Protein chains: 2
Amino acid sequence: MQKSLSVYDSDGSTFAPLVVIELVSETKEEAIAWLLNRVRDKQQDGGAELLVEQLTPGAQGTEKDNPNVYVVGASWQRLLYGAEDVGLFKEFNDGSMRGFTYANKHNFKEFQGDGDGFLSMAECQYIIKHELDNLRAKDEAHVPGYPKMKLYPGKSVIRRMQSKGILVQVFPLHEKEELKRLSFSWFKKIKLSFQPLDDIRHYFGEGMALYFGFLEYFTLALIPMALIGIPYYLFDWEDYDKFTVFAGFNLVWCTVILELWKRLSASLAYGWGTLSRKKAFEEPRPGFHGVLGVNPVTGRAEPLYSNAKRQLRIYLVSVPFVLLCLYLSLYVMMIYFDMEGWALMIHDEEPTFWTGLLLFIPSIIYAVVIEIMNLIYRYAAEFLTGWENHRLESTFQNHLVLKVLVFNFFNCFASLFYIAFVMQDMVLLRQSLATLLITSQILNQIMEAFLPYWLQRRRNKKAHKRMIKTMEDKELPLSEQVKLEADMSTYLGTFDDYLELFLLFGYVSLFSCVYPLAAVLVVLNNVTEVYSDAFKMCKVFKRPFSEPAANIGVWQLAFEAMSVIAVVTNCALIGMSPQVKSYFPESETQLIMWVVGFEHFLLASKFILTFVIPDVPKHIQIKLSRLEFESLEALKKRKMLEASGIPKTDK
Amino acid sequence: MQKSLSVYDSDGSTFAPLVVIELVSETKEEAIAWLLNRVRDKQQDGGAELLVEQLTPGAQGTEKDNPNVYVVGASWQRLLYGAEDVGLFKEFNDGSMRGFTYANKHNFKEFQGDGDGFLSMAECQYIIKHELDNLRAKDEAHVPGYPKMKLYPGKSVIRRMQSKGILVQVFPLHEKEELKRLSFSWFKKIKLSFQPLDDIRHYFGEGMALYFGFLEYFTLALIPMALIGIPYYLFDWEDYDKFTVFAGFNLVWCTVILELWKRLSASLAYGWGTLSRKKAFEEPRPGFHGVLGVNPVTGRAEPLYSNAKRQLRIYLVSVPFVLLCLYLSLYVMMIYFDMEGWALMIHDEEPTFWTGLLLFIPSIIYAVVIEIMNLIYRYAAEFLTGWENHRLESTFQNHLVLKVLVFNFFNCFASLFYIAFVMQDMVLLRQSLATLLITSQILNQIMEAFLPYWLQRRRNKKAHKRMIKTMEDKELPLSEQVKLEADMSTYLGTFDDYLELFLLFGYVSLFSCVYPLAAVLVVLNNVTEVYSDAFKMCKVFKRPFSEPAANIGVWQLAFEAMSVIAVVTNCALIGMSPQVKSYFPESETQLIMWVVGFEHFLLASKFILTFVIPDVPKHIQIKLSRLEFESLEALKKRKMLEASGIPKTDK
């Protein structure tokens, strides 16, 4: 960890600033003093025992700057205790991954001297965030100076101040040197190579590294498909009934890659120490509100919200709203088909080059409208899910993901299903697929990386220029760095990135047999996606807090659901191909029975395969069982020693 | 626990005998002396610290009696320590279930005085079995007196002696008083009532109680089906195309009852303290053999067997064997259809009452042949799975269950599927189903309870008579009781009982829409099954060691797989009904598309339902999270105390 940036704490000694806390500029003095005291207090007194100082404005400091910006750090010892608190796993002397304990610290592989450099800066920042979030009210009834900002014993102080708007933001600082090195090896090098996943994990945490790992894996997995797709495209362009083999390949492919990813992600997570890490007890999310009651699990006073009320909100408001949106999306689809028919009519009346181009216009407009609808719906879904008032962040996320997935799936694929199975027009299907895919890719890249970059550039053009220059060239005073980073946009998590991959996976696995170039396009898109995502993480956004993750979570399930739908769709497409139909010239019934039988067989094999392939590779399973065995043995030994100390003659 | 039976241990004090160990009569003196010493040795010296005495032959003792019969017991204190070792869960003062610890013993609800009566006799016996199994070789190279009976450090002594045949059996003793009370409330009372599941669990352990709980639940769940079935049978006997509604009911029924059972079984297991109990580290099964190597998990010397070799055995021998058996079963089925045709021909030529009866003969013969084939295959499967040389008992069981299930499913249902979907003869289907069901039920009841009972009765008619009389009337000397029980048959586990339920579930869920009386027959069968199973457990078999179980294990999966097959089958039956066909008079294709669409919708709903319904009821989830939360809090507190003791000034 860099120690070049440092501020003086109240004792006069220096500490490395890790995290920035920004309060609104008009915050009352007493609230600030109280908060700082609580952060500094010893742990046995209920404090966080961290180091915190106000940021002294730099040379360029103006009147307009917010004075209430604080930097937080901690002593190395405090951080090591914190690492034990959050349950960090580190490599042990014998090569296995074990939960770090302070008492045992010298037995960990990379622990040298007093432990400086043992924790990465991202880990330190995660620990500090954890300790800040766990700073709980004692007997204060409210935040000093704000009688309306109620507190009760055990309530997280930071969360309350954040949800009430006094606390603007808490964010970790970038490390200039590290970032420079990471950017270089990640996206500035032109050489074709794997991404530096370990470095990404080191800087951004496991959640982010798993996303980039998945993106890379997905791209590599698509390459065989793309390679098969190119000759298909080149030589069989008009012979679209030859897609049966391709559809069969599709089926096997999407099952196998998802299973293999599970194993790969388990390997990665084991190496990063998150695989067997226990989840911390989940606190209510900041936005959760309700009547103060007693939590049956913790026995603590806490706001409670009746489950029945939440169910009513979900079933009487959210579900109808989602259905209405689906209906709207269907309506827009019908308008698209009208436009399509109209364009075709014009082209038929007067077939020139320009009317030929006109044929693509409806699809392009439709693709743009789809993207806009997805975007609007995304905000609506977030608002609705917030209003449903879920207690835990994880439940909130599940409901949000479900809402967004259902709508996006419908919105993006309904027209393709309609063309494929109702109109049965394979030429139009291919054309729509190509237009949708290309347009949405271009729009996405613009919306996601270049638009925020450009906006930010415009917003503080001067400051930005200076940052770019100084971040790369010479030292920048701490206050300047903090000010610059505070103004950067906040990265909202991997949700949108995964969603995009999910839709791309859908295009490829559902319909690429009709348009084999789809895989090629997605590979190209993913390669640029790696670069644009890496660029936005390093240059556009504030550094996010690292998020420990053992797998890609609910997305694994979403991708698996998509692969089941892909089996059904591909079987139906195979059944509709003239090639297969020619085998059953007299009886359509028999054809359908065979296709349905084949589909059931495939679905059954898929489930058996999922069941048979172990989710964790054998060598990691052995390591995990060894740890478990050792802890059992240690427990047994301890008990036996205790037992032998007690006289046993009193039968 | 009864203390009426007691023997004197070497110190002259008495102990209650719990478990019997029988060695072959010609065992060498030194081996016996060594074994007894190891059993008696203190735990810190690697012994089991149990009490063990040779059984003194009673008055009727003859020369022929085996003298090497030993009874094992333990002091209360030893048993309480053992309860902690095996991880027993007991009710805590606050009503929650917690892992028992000796140090904390007075905080458990039923702990009074010195703890006498805190553990049930079944629990004590389970603890003793666990301690005996965990008696491990130290530096002995072989069993004294038997140079060929190799040992190595860490090898379970009892398992080695058992697999080498010196140790004939280890079994727990019955409790006469308890057994009498249990029998009365279980099956001697004529009053209709629920089974005394808690008492069954108390006497036979959780695994057995869950089986009887499932049997009872399954029977109750069938009652609505039986009630609907009777009017169907009475009024629509020949109108078999009215079964659509019934098939629809079937679909919903089999999904819902399996989901609800999961919740019920979680409630039962929570109350019995097995739900959150951690599984002990699994030892290799007694029959496992291989070359001595180092186990990568435990680091101990242990026989290893190459996985590749095992896979070869599985894929080159077992799989072809199973396929051959399936082919044979198919062949027998074809013979059955020939016989059926021949009987029909005779009846058509000369239709009398006797030739009418003749129509049922082929089905009855076929049902008997099926049962015989199942039985032979069962032994073959057990032999083959043993020969595959699986290291763990659980893997062995999984492979055995898979082999047996596939064959039994095929053997029992292939002819029905053939009649339903190839011959499409609903009258024959109903007739076959009825004959199969009734014949197999009668055969099963005979094979399972009355045959062993009769065999045993014949084998030692005199001894048995005496036992029946004395077991119920007056005290019997210990040596007599041990001798009688040692001669009883050994109960081989719940496998066959579950298998029978599985097949019955299949008959009902797959085809009961064609023969609505099936549910009624199964209900009747299950009611008698409860009585015959209860009778065989109490009167025919040796007491089995109790087996802690949190659920019905692999059987839940098997029943769920069957319910998926039931959805497909019922949809196909609905599609074939004239009633449904009449809706699509012109197009068969459209009919099939609708049925397939409906089936996919049902399968999807089924999976969503499985996902949405929580497997553990809410109130138990809250209790479990509270325990977890408390242990986390306790850990945190302990760490904070430790941390505050260490000076923190050395930054």
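Residues numbered from 1 in each chain as written. Chains lettered and ligands numbered in written order. Predicted model: local features only at pLDDT ≥ 70, side-chain atom pairs only at ≥ 80, totals over all residues. Heavy atoms only, no water.

By the naming in an unreviewed UniProt entry, chain A goes by Anoctamin and is assigned to Oncorhynchus mykiss. Quoted verbatim from the Sequence similarities (unreviewed entry) field of UniProt, the annotation for chain A is "Belongs to the anoctamin family." For the record of chain A, the UniProt heading Subcellular location (unreviewed entry) holds the text "Membrane". (UniProt positions renumbered as here; feature names shortened; annotations may be inferred.)

## Brief notes about the overall build of chain A
If you tally the helices and strands in chain A, you get 21 helices and 12 strands. Across chain A, contacts joining residues at least 24 apart in sequence account for 73% of those joining residues at least 6 apart. When the accessible area of chain A is evaluated, it comes to approximately 30800 Å², of which 64% is carbon and sulfur surface. (Helix = DSSP H or I, 4+ residues; strand = E, 2+ residues; numbered from the N terminus. Contact = heavy atoms within 4.5 Å. Areas by Shrake-Rupley, 256 points an atom, 1.4 Å probe, with all protein chains shown as cover.)

## Here's the deal with a nonpolar patch on the surface
Residues and elements named next belong to chain B. Together, Ile-372, Leu-375, Ile-376, Tyr-379, Ile-438, Ile-442, Ile-446, Met-447, Leu-451, Trp-454 and Leu-455 give the surface a local cluster of nonpolar side chains, amounting to about 1100 Å² of exposed area. Mapped onto the nonpolar patch, the elements with two or more residues apiece are helix H11 (361–387) and helix H13 (426–459). Sorting elements by how many residues they give to the nonpolar patch places H13 first, with 7 residues. Looking at the secondary structure, you find Ile-438 in helix H13. (Patch = residues over 30% accessible without salt bridge, like charges linked within 9 Å, V, L, I, M, F, W, Y side chains within 5 Å. Salt bridge = Lys/Arg side-chain N within 4 Å of Asp/Glu carboxyl O.)

## Remarks on helix H2 (residues 76–86) of chain B
Here H2 of chain B lies mainly inside the structure; 10 of its 11 residues are buried. In the stretch just after H2 of chain B, Gly-87 of chain B is the one whose phi turns positive, near 80°. (Buried < 20%, exposed > 50% of the residue type's maximum accessible area, 1.4 Å probe, protein only.)

## Focus on the packing of aromatic side chains
Using the criterion set out here, one finds 73 aromatic pairs over all chains in the structure. A centroid spacing of 6.3 Å and a plane angle of 45° characterise the contact between Phe-409 of chain A and Phe-417 of chain A, whose relative ring orientation is tilted. One Lys or Arg, Arg-98 of chain A, reaches over the ring of Phe-92 of chain A and ends 4.3 Å from the middle of that ring. A cation over an aromatic ring shows up here: Lys-28 of chain B above the ring of Tyr-146 of chain B, its NZ or CZ 5.0 Å from the ring centre. (Phe/Tyr/Trp six-rings, centres within 6.5 Å; stacked < 30°, edge-to-face > 60°. Lys NZ or Arg CZ within 6 Å of the ring centre and 35° of its normal.)

## Quick look at the nonpolar core
Trp-253 and Trp-555 of chain B are the most contacted members of the largest nonpolar core, which totals 113 residues. Top element by residues in this core is helix H7 (residues 206–235) of chain B. It accounts for 14 residues. When neighbours within four sequence positions are excluded, Trp-555 of chain B is seen to be in contact with Val-401, Leu-405, Phe-495, Tyr-498, Leu-499 and Phe-502 of chain B. Listed in part, the 112 residues of the second largest apolar core include Trp-261, Ala-518, Ala-519 and Val-530 of chain A. (Core = buried A, V, L, I, M, F, W, Y, C linked by side-chain atoms within 4.5 Å.)

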